[in-house]
Amino acid sequence: MFLNHIYLIPLFPAFGAVMMFFFGKRLQKATVNAVCVGAVVVAFVFACFTVVEYTHFAHGTGHPFEKVVYTWLGSGDGHLNFVKRDGTSAAFNVDAGFLLDPLSSIWLLFVTGVGMLIHIYSTGYMAHEGGYYRFFGYLNLFMFAMLTLILANNYMMLFVGWEGVGLCSYLLIGFYFHRNSASTAANKAFIVNRIGDAGFILGALTLVWYLGSFRFIDINAAARSGHFAIGDPILTAAALLLFVGACGKSAQLPLYVWLPDAMEGPTPVSALIHAATMVTAGVYMVARSNAVFVLAPTAMKTVAIVGALTAVFAASIGLVQNDIKRVLAYSTVSQLGYMFLALGVGAFAAGVFHVFTHAFFKALLFLGSGSVIHAMSGEQDMRNMGGLQHRIPTTFKTMFIATLAIAGIFPFAGFFSKDEILWQTWSSEGGAYRILWFIGYGTALMTAFYMFRLMYLTFFSPSRMSHDVEHHVHESPKSMTVPLVILAICSIGAGWLGWPHSLGGSDRFEKFLEPVFAREAVVLVEEGKSAQLAAGEKESEHTDNTEYVLMFLSLAAAGVGFAMARRSYLKAGKDYVEPIEAKAPALYTLLYNKWFVDEGYDYVFTGRRKIGDVRLGVMGAGEASSWFDSKIIDGAVNDVGWITRAVSTLSTWWDKWIIDGVCVNGPAILARMLSYPARLFEWGLVQWYALVMIAGLLGFGVYYVWK
Amino acid sequence: MADITTLHYLVVAAALFVLGVIGVLTRRNVVIVLMSIELILNAVNLNLVAFSHMWGNLHGQMFTIFIVVDAAAEAAAGLGILIAFFRNRETINVDEIDLLKW
């Protein structure tokens, strides 16, 4: 019953958004709460029942459930065709269809669940802000788009959701549109995402053109059919293009730059969109296309390397940032890097697992930081915090749990997922892939350090608050603390779903996802006989001592990070010195300025800064094209005009003096000259003519008389 | 007193004719020119009537009636043209009526 009406899940929040759009301005806050929060609560409950019903439907086989509501593009009977790459035709058919399988079930649950908690939290956080209904309208619209994205059964529907969440992200980053920095950040997010979206749509359409269907099921089935070689260049290109899209949406190198700036939006938005849900859309899309990626080892390597580099790069920046939300933003980028590292080494389930646990603890961290900011009357700079441990105890406790989770302390959620990723990185491919393990390991150390740095600077160290702020510090209302507590419980427990075999668990999470992912690529060898070719030993389940060693090492890394942070910041007074700044000032400057990436982009891509006299990038291109336009195009136009004028001057002269002068006026002048004697007889005085006539008559008379 | 003969009429008519011709040739005012033309025409009329009397039939008188009608028509047309012309040029001086002269 629920499963058959799965399309209602995105429609609940859509209803809320539409209501806010048309009537929001006139509604009381209580009504806004009832409609918008209610819509998401209903969606969550509905989603829970749907997933329960689905598990009965699938019976543990992971058989996907598909529901086509109507044909959106193309014709339902397949009369509208397009030509595939091999020259055969395939039906052009895009449905408003919904797909529920283990992968989308997981996303469905945590998106609606975390989304619901953040909606509730927002009623407290945004209580004193203007544009209340606008905020909730956008938030509901986001939920609609995100649910469309994860429930879509084909690439075009996914793209609708993909663009929808991008739009909502833009709207919500720019929520404080009167602040210049907010609207700039919104534009930045939108434009950078546009680059990724271009890659995504190209990749998706390449797949459609190559494999002949828009539907995930068909595409994955075709990729697994064994008709394609591993390393098929077109599939590789498609996978790489899809990954460009994932880089944009999920903030990977080199397109991650928008995410830290996205912190200009209200904190619940950062928690929901820029930490828990939207930024994982790239991971979802790659995981969704796993059968294609497995056939493209180059793309997989790219994903793994980009993921690992992003993880360590963002973590290094996070080490020294002072804005509490920026630290968390870089942490998000770094954790997303982990997820892509997992996907890249073929450990799809581990990557998804990390998405799942990360959604809880990162949402909690953001909401906690929002609670801190709320308590500090809007202060975000950790240099002006400190000593909040006993002033806002609930926020402190829950955030501490989240910190333990993200740092990977046993038995909190992050431990299981991060450890799984590191273990898979180490074991699944071997060889040079182990370098990636070292990078991931270093990142884990940094993660522990910057997270405990955040905790110490905010909660433990002596107070550095100004007197006014200190006076107003207060714990947040129930509507905010209750979601924090629930998320804290999830941050502890979510990891237990994937309790590994090595620790005596059964790793139910991976079992649940198993049917979705292609572990090995199936290729067709000659004689039409299909054979399995393992592209490395994926997701190995066997337990060996190395796994325990690695587990111990990552715990040790978390411990070391914790100890270093404690030593450096426990007693951080009003003018504490960053340890990195003291030891390596050059490195500190580099990290503090985020490796000067934004500046570099300004030089190379946007052209807001000049290299000497040369301006590169978009503005440079604009200037160059303006120069080209005014000098070359307009110059050519003007030159042509000049030539025309010269020719026409000549032509005028010719016309005036030769045609008119010689040919036309010449005969006339001649005629006038010849007619001059004749004119002398015609002087125009009628009476003279009469006189002459009379004289003539008299003359005749005299002549005849005298003759 | 001698009788008034045809010759007398002819002399008077010739005098009238010459006066008319002189008027036409010398006056610059078109109205005067038209009046002079009437004099010429009436000189002719006088001749015709005189000859009619001399011959004792009515042919000449009949012509005279025609000429009187013709003169009236000519005066009407001429004065009409004259008024139209005066409206355009504000002159009736015959020397200045030279639009067709090149």
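Not measured: the values here are computed from a predicted model. (Residues numbered from 1 in each chain as written. Chains lettered and ligands numbered in written order. Predicted model: local features only at pLDDT ≥ 70, side-chain atom pairs only at ≥ 80, totals over all residues.)

(A) The overall build of chain B, seen in detail. Helix and strand counts for chain B come out as three helices and zero strands. When its helices and strands are written in sequence order, chain B yields α-α-α. Relative to the 2.2 N^0.38 estimate, which gives 13 Å for 102 residues, the radius of gyration of chain B is 17 Å and therefore markedly larger than a compact globule would have. Referenced to the eigenvectors of the C-alpha coordinate spread, the extents of chain B come out at roughly 55 × 25 × 25 Å. In chain B, which comprises 102 residues, the proportion classed as buried is 11%. Pairs at least 24 apart in sequence give 44% of the contacts found in chain B among residues at least 6 apart. (Helix = DSSP H or I, 4+ residues; strand = E, 2+ residues; numbered from the N terminus. Rg over C-alpha atoms; globule rule 2.2 N^0.38 Å. Buried ≥ 20, exposed ≤ 12 C-beta atoms within 10 Å, placed from the backbone. Contact = placed C-beta atoms within 7 Å.)

(B) Layout of the overall build of chain A. The secondary structure content of chain A amounts to 27 helices and six strands. In summary, chain A has a C-alpha radius of gyration of 38 Å against a globular reference of 27 Å for 707 residues, an excess of more than 25%. In terms of overall dimensions, chain A has C-alpha extents of about 165 × 80 × 55 Å along its principal axes.

(C) Just the confidence of the model for chain B, in detail. On average, residues of chain B score 89 in pLDDT, and 96% of them reach the 70 mark or higher. Interface confidence for the predicted complex, expressed as ipTM, amounts to 0.78; the pTM equals 0.77. (pLDDT = per-residue confidence, 0-100.)

(D) Quick peek at the environment of Thr332(A). Residue and element names in this part refer to chain A. Inspection of the secondary structure puts Thr-332 in helix α14 (residues 324–344). On a C-alpha basis, the gap between Thr-332 and His-358 in space is 8.7 Å, while along the polypeptide they are 26 residues apart. Setting aside residues no more than four positions away along its own chain, Thr-332 makes contact with Leu-259, His-274, Ala-275, Val-279 and Lys-362.

(E) Structural detail: the interface of chain A and chain B. Listed by partner, the interface residues are seven residues for chain A and seven residues for chain B. Here the residues of the side of chain A that touches chain B sort into five nonpolar, two polar and no charged. (Nonpolar A, V, L, I, M, F, W, Y, C, P; charged D, E, K, R; others polar.)

(F) Summary view of the pairing of strand β4 (residues 93–100) of chain A. Residues and elements named next belong to chain A. With respect to burial, β4 is a largely interior element, seven of its eight residues being buried. Two elements, strand β1 (residues 65–74) and β4, share eight bridges in a ladder whose sense is antiparallel. Of the residues in β4, the one forming a bridge with Gly-74 is Asn-93. (Pairing = 2+ DSSP bridges.)

(G) Quick peek at unusual backbone geometry. Residues and elements named next belong to chain A. In the segment running from Leu-253 into Pro-254, the intervening peptide bond is cis, with an omega of -5°. Along the chain, Pro-254 falls in the loop between α8 (233–249) and α9 (258–261). For the bond running from Phe-410 to Pro-411, omega is 0°, close enough to zero to count as cis. Take Pro-411: it is sitting in the loop between α16 (393–407) and α17 (413–427). For Ala-251, which is not a glycine, the phi torsion comes out positive at approximately 55°. Of note, Ala-251 is situated in the loop between α8 and α9. Positive phi, close to 55°, is recorded for Ser-377, a residue that is not glycine.

(H) View of the nonpolar core. Residue and element names in this part refer to chain A. If you look at the biggest cluster of nonpolar residues, it comprises 222 residues, and the most contacted ones within it are Val-292 and Ala-363. Broken down by element, the residue count for this core peaks at 18 residues, all from helix α18 (residues 433–460). Not counting chain neighbours up to four residues away, the residues in contact with Val-292 comprise Leu-207, Ile-219, Ala-223, Leu-235, Ala-238 and Ala-239. (Core = buried A, V, L, I, M, F, W, Y, C linked by C-beta atoms within 7 Å.)

(I) Summary view of the environment of Ile439(A). All names here are of chain A. For Ile-439, the location among the structural elements is in helix α18. Through-space distance from the C-alpha of Ile-439 to that of Phe-200 is 28 Å; in sequence the pair is 239 residues apart. If near-sequence neighbours (up to four positions away) are discounted, Ile-439 is found in contact with Ala-308, Ala-311 and Val-312.

(J) The arrangement of the environment of Val352(A) in detail. Residues and elements named next belong to chain A. Topologically, Val-352 is positioned in helix α15 (residues 348–375). On the basis of neighbour count, Val-352 is assigned to the buried category, with 28 C-beta atoms found within 10 Å. As a C-alpha pair, Val-352 and Leu-103 span 249 residues in sequence and 8.2 Å in three-dimensional space. Excluding anything up to four places from it in sequence, Val-352 contacts Leu-103, Ile-106, Ala-287 and Leu-513.

(K) Representation of helix α7 (residues 216–224) of chain A. Residues and elements named next belong to chain A. Within the span of α7, buried status applies to Phe-216, Ile-219, Asn-220 and Ala-223. Along the long axis of α7, the arc covered by the buried residues comes to 95°, so they all point the same way. Those residues of α7 that are buried are in contact with β4, α6 (180–211), α11 (281–288) and α12 (290–294). Within two residues after α7, Gly-226 carries a phi angle of roughly 90°, on the positive side. (Arc of directions from axis to C-beta.)

(L) Focus on the packing of helix α2 (residues 29–58) of chain A against helix α4 (residues 132–151) of chain A. Residues and elements named next belong to chain A. In contact at an axis separation of 10 Å, α2 and α4 are set at 10° when each is read in the N-to-C sense. Considering the angle they form, α2 stands roughly parallel to α4. When α2 is examined against α4, the residues Lys-29, Val-32, Cys-36, Ala-39, Val-40 and Ala-43 are found in contact with a partner set consisting of Tyr-132, Tyr-133, Phe-136, Leu-139, Asn-140 and Met-143. Taken together, the residues that form the contact of α2 with α4 break down as 10 nonpolar, one polar and one charged. (Axes fitted to C-alpha atoms, helices over the stretch in contact; angles between N-to-C directions. Parallel < 35°, antiparallel > 145°, perpendicular 65-115°, else oblique.)

(M) Looking closely at the packing of helix α1 (residues 8–23) of chain A against α2(A). Residue and element names in this part refer to chain A. At a closest axis distance of 8 Å, the pairing of α1 and α2 adopts a crossing angle of 175°. The pairing of α1 with α2 is recorded here as roughly antiparallel in orientation. Counting all contacts with α1, which are made through Leu-8, Ile-9, Phe-12, Pro-13, Phe-15, Gly-16, Met-19 and Met-20, the residues of α2 involved are Val-35, Cys-36, Ala-39, Val-40, Val-42, Ala-43, Phe-46, Ala-47 and Thr-50. Classifying every residue of the contact of α1 with α2 by side-chain character gives 15 nonpolar, two polar and no charged.

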